Protein chains: 2
Amino acid sequence: MKLSARGHYGLIAMAYLAQREDEGTVPLKTIAMAEQIPDQFLEQILFSMRKAGLVTATRGPRGGYKLSRPSDQIKVGEIINALEGAIAPVDCLHSDTDQDCCVKTESCTTKFVWEKLRDTMVDVLDNISLRDIVERGNTLIGELGVKS
Amino acid sequence: MKLSARGHYGLIAMAYLAQREDEGTVPLKTIAMAEQIPDQFLEQILFSMRKAGLVTATRGPRGGYKLSRPSDQIKVGEIINALEGAIAPVDCLHSDTDQDCCVKTESCTTKFVWEKLRDTMVDVLDNISLRDIVERGNTLIGELGVKS
DNA sequence: ATATTCCTGACTAATTTAATCAGGAATAAC
DNA sequence: GTTATTCCTGATTAAATTAGTCAGGAATAT
């Protein structure tokens, strides 16, 4: 039940962009450097973010990435979904019909457990926006002092 | 964010035992056969269950496994915990101090997201017992008719 | 005795994930 | 129009994890 590095890095990068949403574009290398993400790996990740319509990119000198929408309109759920596919603790949750996993055995009495888990996870992630993360970060800094 | 086969099979096997909790011990092979789980793999899994104190085993002819407690006192969370370790979407959630992941970058403003997700997941899984699964299964059978 | 069933570590195979490589295309600055 | 910068994108390799098997042993009921 672990998040992949893709998802982990992805959210960090998006939060980085959110924190600078009023400052125009940010080049990939800047993010990679600041957050210690291998930059060719981050390239893959931001490519996915662009395909998902969550960021826009500009090429050439002074180019880079920025959020495609205000940070309060981008939910963590969308990001993770774009990077890792739909959340589903168990594969057989995908099919609308029970075909795949419930035909042969009676084991699918357990299925509702994973459905409930999935629904709860989706609910949590769809209710946190990038802005929430930025604000939370600012609050922490205010309370505890900046760290670096 | 996928459950491993260990966890998936494990819950199925435990639900199987729960459904027969008044019938004495059930041999591993019976479960493996019924639920289509490779039996040497199931052996590993039930071994873990025993080490975690969730089942008791009897050797020899007419031996087998049974739940070590009434099914309503065994939560899904315990089972998954024993089979996959503590739930933690991101590794740095383990350490009580921030040492591991938050020193170098400001990326840990995202940490609370994973904390919240973890807490919610734990909450869901700790509030479903094996008996809930059995009852749910019986209800479904009553409503929809038995499948096999 | 013997058949049955669990015990347990070591091992192998398959899959997934992380990361790198490579070459290209667009664009701003000069 | 040349150059440096930055994103684009598929292919490939390397590392790690997971799934599953092998092998031999120990306990126990009949």
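Preceding this paragraph is the structure being described.
Computed from a prediction, not measured in an experiment: that's the story for all the values here.

K.L.:
Mind laying out the pattern of salt bridges, listing which residues take part and the relevant values?
P.N.:
Scanning the entire structure with this criterion turns up ten salt bridges over all chains. A salt bridge links B:Asp91 to A:Lys2, with the nearest nitrogen and oxygen atoms 3.9 Å apart. Note that B:Asp91 is positioned in the loop between α4 (76-84) and α5 (99-102) and A:Lys2 in the segment before α1 (5-19), a pairing that runs across two chains. The exposure class assigned to A:Lys2 is partly exposed, which follows from its relative accessible area of 37%. Residue A:Glu78 is joined to A:Arg69 by a salt bridge in which the shortest nitrogen-to-oxygen separation is 3.0 Å.

K.L.:
Lay out the protein's contact with DNA strand C with the relevant residues and their values.
P.N.:
In the vicinity of DNA strand C there are 27 residues, among which A:Ala5, A:Gln44, B:Leu28, B:Phe47 and B:Arg50 approach most closely. Of all DNA strand C atoms lying within 4 Å of any protein atom, the proportion belonging to sugar or phosphate reaches 67%. Here a phosphate oxygen of DNA strand C and a backbone polar atom of A:Ala5 are 2.4 Å apart. At the level of secondary structure, the elements contributing two or more residues to the surface near DNA strand C comprise α1 and α3 (39-51) of chain A together with α3 (39-51), β1 (55-58) and β2 (64-67) of chain B. Of the residues forming the surface near DNA strand C, the biggest block, four residues, is contributed by α3(B). Looking at side-chain class alone, the surface near DNA strand C contains twelve nonpolar, nine polar and six charged residues.

K.L.:
Break down the relation of the copies chain B and chain A for me, with residues and values.
P.N.:
With an axial shift of 0.0 Å and an RMSD of 0.0 Å, the rotation relating chain B to chain A amounts to 180°. The operation mapping one copy onto its partner corresponds to a two-fold rotation axis. Of the C-alpha atoms belonging to chain B, the one lying closest to the rotation axis is found on B:Met1, 2.4 Å away. With an isologous cut-off of 70% or more, the 100% of interface residues of chain B that recur at the interface of chain A puts this contact in the isologous class.

The rules we used
Residues numbered from 1 in each chain as written. Chains lettered and ligands numbered in written order. Predicted model: local features only at pLDDT ≥ 70, side-chain atom pairs only at ≥ 80, totals over all residues. Heavy atoms only, no water. Salt bridge = Lys/Arg side-chain N within 4 Å of Asp/Glu carboxyl O. Helix = DSSP H or I, 4+ residues; strand = E, 2+ residues; numbered from the N terminus. Buried < 20%, exposed > 50% of the residue type's maximum accessible area, 1.4 Å probe, protein only. Near = heavy atom within 4 Å. Polar contact = N/O pair within 3.5 Å; in protein donor to acceptor, adjacent residues only side chain to side chain. Nonpolar A, V, L, I, M, F, W, Y, C, P; charged D, E, K, R; others polar. Least-squares fit on C-alpha atoms with pLDDT ≥ 70 in both. Contact = heavy atoms within 4.5 Å.

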